[in-house]
Every structure is written in structure tokens, then in C-alpha cells.
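# Topology and contacts: notes
Residue-level listing of the chains:
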Amino acid sequence: DNKIVTLKVERWWKGGDAAELTVSTNKNCATCGYGFETGTKYLIYSNSEDKNKVLRVSLCSRTMTQKEAEKEGDFKELGEGKAPKK
């Protein structure tokens, strides 16, 4: 069972330029499903085996909230990134 989440994109580092992104995750955290919360900003680490398929996000990936990413130094390591196309 998967959950589909649509996210507004503020910055891209790899793989795209869209202003909105749809990702899929398992519904249950016991199967590595990521528990997204409305109104929270995230740094998304995702993957896809096929360019045309929805990106997968996992609790077992490095995906984290913006606050966690700032604390861990991910934004510093990634650099400025680029704004999405409008």
C-alpha cells in the first residue's frame, strides 16, 4: 500500500526543475513509509528506476525535515541549488 504526496518545490539540486513534485511512499512506517506532515518543509532524497514513474521516498532514505537538514549540514554540503521553473 502506497501513499502519494504532492509537494511544492523551493529548490532543486538534482533531477528536475518543476515547481511541484509528486512522490510515493509506503503508508506504514514499519515498511519504511515516510510520515509527511502538512505545512512542514523537507529535504527530499528520492529515487526512481524509470524516469516516467513517480519518485519513491523512504523512511530509510536520508529524507528529513528542513530543520533536521540544517542541523545535519546537508544544505551546506549541497550548496545553493536552483529555483524551480515557474
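In case you missed it, the structure is sitting above this.
Residues numbered from 1 in each chain as written. Predicted model: local features only at pLDDT ≥ 70, side-chain atom pairs only at ≥ 80, totals over all residues. Heavy atoms only, no water.

### Concerning the state of the cysteines
Here is the rule: Cysteine sulfur atoms are paired as a disulfide whenever they fall within 2.5 Å. In this text, helices come from DSSP runs of H or I with a minimum length of four residues, and strands from runs of E with a minimum of two, each type numbered from the N-terminal end. Partly exposed residues are those whose accessible area sits between 20% and 50% of the maximum for their type, while under 20% is buried and over 50% is exposed, using a 1.4 Å probe and protein chains only.
Taken as a whole and assessed by the stated rule, the structure comprises one disulfide. Linked covalently through their sulfurs, Cys32 and Cys60 form a disulfide whose S-S length is 1.9 Å. Placement of the pair is Cys32 in the loop between strand 2 (20-26) and strand 3 (42-43) and Cys60 in the loop between strand 4 (55-56) and strand 5 (64-65), with a sequence separation of 28 residues. For Cys32, a relative accessible area of 24% translates into the label partly exposed. Look at Cys60 and you get exposed, because its relative accessible area is 58%. With no disulfide of its own, Cys29 has Cys32 as its nearest cysteine by sulfur position, at a separation of 9.1 Å. Residue classification places Cys29 among the exposed positions, given a relative accessible area of 55%.

### What to know about the layout of surface pockets
Rule in force here: Buriedness of a pocket was judged along seven lines, with at least five required to meet protein on both sides within 12 Å; pockets are open sets of points on a 1 Å grid over the protein atoms alone, cavities are sets where a 1.4 Å probe fits but cannot get out, and lining residues have an atom within 4 Å of a point. Grid points are joined across faces, edges and corners, and a volume is the space filled by probe spheres set on the points.
Taken as a whole, the largest pocket spans an internal volume of roughly 990 Å³. For the largest pocket, the lining is made up of 32 residues, of which Arg11, Leu21, Tyr42, Leu43 and Ile44 are closest to its centre. Contributions of two or more residues to the lining of the largest pocket are made by strand 1 (2-8), strand 3 and helix 2 (74-78). Tallying contributions element by element places strand 1 first for the lining of the largest pocket, with three residues.

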